[in-house]
Amino acid sequence: MNISEHTSLPFVLLVLLLLPTAYSIGVNYGTLGDNLPPPSEVAHFLKTRTIIDRIRIFDVNTTIIKAFADTGILVSVTVPNGDIPSLTDARNARRWIDANIKPFYPATKIHYICMGTEVLHWGPQPLIDSLVPAMKVLQAALVKEGFDEIKISSPHSLGILLSSVPPSNASFRPGWDVGTLAPMLQFLKQTKSGFMVNPYTYFGYSPENANFCLFKPNAGLFDKATGITYTNQFDQLMDAVHVSMKKLGYPDVEVVVAETGWPSGGDPANLHANPVNAAAYIGGLMKKVNSGDGTPLMPGKKFETYIFALFNENLKGPSLDEKNFGLFQPNLTQVYNVGIMHAPQDLAPSPSPLSAASDAPSSSAGPWDDAPFFNKSKPFTSSPVEAPPGTTTAPTSTSAVRASSPAAANTDVIFAAKSSAAIILAMTLLV
């Protein structure tokens, strides 16, 4: 008997619907550690042992790019902020491609070229002014080489938002909106590329909104203008970005989550930085972005997402928080279990913390329970940078470069960047 002759189409569809859904996720692969495994080992591990199908690096590290050849894993590389102005020249753009893309592509599936990292946040203004022109010139050079499948974008901190609460009232900061973001969004629409943002609910944490930040049951945030009740801060932040894009006339450009994460350990005051909360956030995030549910204002979207970060990196700082954003210890053991590793079934298990490895930086000897407080009085070292045109204030920073590679001159800048965005977010949440 030929079973296929007696199998009805509805039965086949039912079987397909009942099959477990395979999750996939991207990750930011930083290298600020003196005990990290070699890139070849990392590439093999990710390909054979995890559901991670794409990585983003913070430079054009050729050793890493080579290591991911023939793995099928998508690789996004980054133009360092300081190199952006030179790429407004077509000859320099061609040379950059010849050195950093042509020798490796297509064996390595280079997916995005990120033009800088949070350029609007760090400035200075001449660098900001060169951002979109450099993206256009480099795109033209890629097309000329026949590499038009490689996309170009630029990741942004949520410091680009003037406000995010409620989402219906969100907008980009005056000056940056029409001066940089509108032409960037026009470019991204033309090239079918994504608008990259870094939404960190961790830096919007307070004891009162802990569950809202962690995808746990809560009363929600009601947006009177739309009638929507937001049940998690991730949706709130993503819709705030969407509304801001819509106000500039670009609601249909895809939004890419270039960075988001939660540390499994931190400074003594930050008890909410722990494996339980990290597992809750990352587990909820993976379920959210793989569900295809989207957000209230972007229904049906399955956001391309990169978790920050792949490893705990012991050379980062100044805070212990920054050392502990990793999914894995340098010895490739999990910090907590949210279904990143391949299992007999593809469904992600319930998020659960694992025992930390002995070399993991730790900031508390107490049990990892719900964080009782957040020290809002913690000082943030900062110096003023130039405000966007048409404004009187701007985000603050400690460096003009934000990176996660050995080439970064100042390893403290990542925490400072996120902290500045946190102040902005916390202020909007109190409105």
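Only a predicted model underlies this, so the values are computations on that prediction, with no experimental measurement involved.

1. Thoughts on the sheet that holds strand 12 (residues 255-260)
On the basis of which strands lie adjacent, the open sheet formed by nine strands has the order 5-4-3-2-1-13-12-9-6 and parallel pairing. Among the strands making up the open sheet, the edge pair consists of strand 5 (151-153) and strand 6 (156-157). Sheet analysis places strand 4 (residues 110-115) next to strand 5, joined by three bridges and oriented parallel. Looking at strand 5, one finds that cysteine 114 is bridged to serine 153. Lying on the sheet, helix 10 (residues 275-291) is in contact with strand 1 (25-28), strand 12 and strand 13 (305-308); it crosses strand 13 at an angle near 175 degrees.

2. As for unusual backbone geometry
For the peptide bond that leads from valine 165 to proline 166, omega is -10 degrees, which places it in the cis range. With respect to the helices and strands, proline 166 occurs in the loop between strand 7 (161-163) and strand 8 (171-172). For the peptide bond that leads from glycine 317 to proline 318, omega is 10 degrees, which places it in the cis range. Of note, glutamate 118 is a non-glycine position whose phi angle comes to about 50 degrees, a positive value. Considering the arrangement of structural elements, one finds glutamate 118 in the loop between strand 4 and helix 5 (119-122).

3. Thoughts on the packing of aromatic side chains
Scanning the entire structure with this criterion turns up 17 aromatic pairs. Relative to phenylalanine 203, the ring of tyrosine 202 has its centre 4.9 Å away and its plane inclined at 80 degrees; by these criteria the two rings are edge-to-face. When the ring of tyrosine 202 is compared with that of phenylalanine 325, the centres are 6.1 Å apart and the planes differ by 85 degrees; the resulting orientation is edge-to-face. Residue tyrosine 202 is located in the loop between strand 9 (195-198) and helix 8 (210-213), and its partner phenylalanine 325 is located in the loop between helix 11 (320-323) and strand 14 (336-337); the two are separated by 123 residues in the primary sequence.

4. Notes on the nonpolar core
One recurring pattern in soluble globular proteins: nonpolar side chains tend to sit buried together. Counting 102 residues, the largest nonpolar core has Ile55, Phe68, Trp96, Ile101, Ile113 and Phe195 as its most contacted members. The element best represented in this core is helix 6 (residues 125-145), accounting for nine residues. Not counting residues within four places of it along the chain, the set of residues in contact with isoleucine 113 comprises Val77, Val79, Trp96, Ile101, Leu138, Leu142, Ile150, Lys151, Ile152 and Ser153. The next biggest cluster of nonpolar side chains, apart from the first, holds six residues, and it includes Tyr112, Cys114, Met196 and Tyr306.

5. Side note on the pattern of salt bridges
For the coordinates displayed, the defined rule picks out seven salt bridges. A salt bridge links glutamate 304 to arginine 54; its shortest N-O distance comes to 3.1 Å. Placement of the pair is glutamate 304 in the loop between helix 10 and strand 13 and arginine 54 in strand 2 (residues 52-56), with a sequence separation of 250 residues. According to the relative accessible area criterion, glutamate 304 is buried, its value standing at 18%. Between arginine 56 and glutamate 259 there is a salt bridge; the shortest N-O distance is 3.4 Å. Of this pair, arginine 56 sits in strand 2 while glutamate 259 sits in strand 12, placing them 203 residues apart in sequence. Relative accessible area serves as the criterion here: at 0%, arginine 56 is assigned to the buried category. Where salt bridges share partners, they join Asp53, Arg54 and Glu304 into one cluster.

6. Focus on the pairing of strand 1
Neither face of strand 1 is left uncovered, since the one carrying Ile25 and Val27 and the one carrying Gly26 and Asn28 both have all their residues buried. Relative to strand 2, strand 1 runs parallel, the two being bridged by four bridges. Bridging from a neighbouring strand, valine 27 pairs with isoleucine 55 of strand 2. With helix 2 (residues 39-49) bridging strand 1 and the parallel strand 2, this β-α-β connection has right-handed handedness.

7. Some words on the packing of helix 6 against helix 7 (residues 176-191)
Where helix 6 meets helix 7, the axes come as close as 9 Å, and the angle between the chain directions of the two elements is 15 degrees. For the element pair helix 6 / helix 7, the angle class is roughly parallel. In this structure, helix 6 meets helix 7 at a crossing whose hand is left-handed. Here Ile128, Leu131, Val132, Met135, Lys136 and Gln139 of helix 6 lie close against helix 7, whose contacting residues are Trp176, Thr180, Pro183, Met184, Phe187, Leu188 and Thr191. Of the residues contributing to the contact of helix 6 with helix 7, the split by class is nine nonpolar, three polar and one charged.

8. Examining helix 10
Here helix 10 spans 24 Å end to end across 17 residues, near enough to the 24 Å set by a 1.5 Å rise per residue. Taken across its 17 residues, helix 10 has 14 buried, putting it largely inside the fold. Among the residues of helix 10, the N-terminal cap falls to asparagine 274, whose side-chain oxygen and the backbone nitrogen of valine 276 are separated by 3.0 Å. Phi for glycine 292, located one or two positions after helix 10, is positive at around 80 degrees.

Cut-off values and rules
Residues numbered from 1 in each chain as written. Predicted model: local features only at pLDDT ≥ 70, side-chain atom pairs only at ≥ 80, totals over all residues. Heavy atoms only, no water. Pairing = 2+ DSSP bridges. Helix = DSSP H or I, 4+ residues; strand = E, 2+ residues; numbered from the N terminus. Contact = heavy atoms within 4.5 Å. Axes fitted to C-alpha atoms, helices over the stretch in contact; angles between N-to-C directions. Phe/Tyr/Trp six-rings, centres within 6.5 Å; stacked < 30°, edge-to-face > 60°. Core = buried A, V, L, I, M, F, W, Y, C linked by side-chain atoms within 4.5 Å. Buried < 20%, exposed > 50% of the residue type's maximum accessible area, 1.4 Å probe, protein only. Salt bridge = Lys/Arg side-chain N within 4 Å of Asp/Glu carboxyl O. Right-handed = clockwise from strand over helix to strand, strands pointing away. Parallel < 35°, antiparallel > 145°, perpendicular 65-115°, else oblique. Left-handed = near helix turned anticlockwise from the far one by under 90°. Nonpolar A, V, L, I, M, F, W, Y, C, P; charged D, E, K, R; others polar. Expected span 1.5 Å × (residues − 1). Polar contact = N/O pair within 3.5 Å; in protein donor to acceptor, adjacent residues only side chain to side chain.

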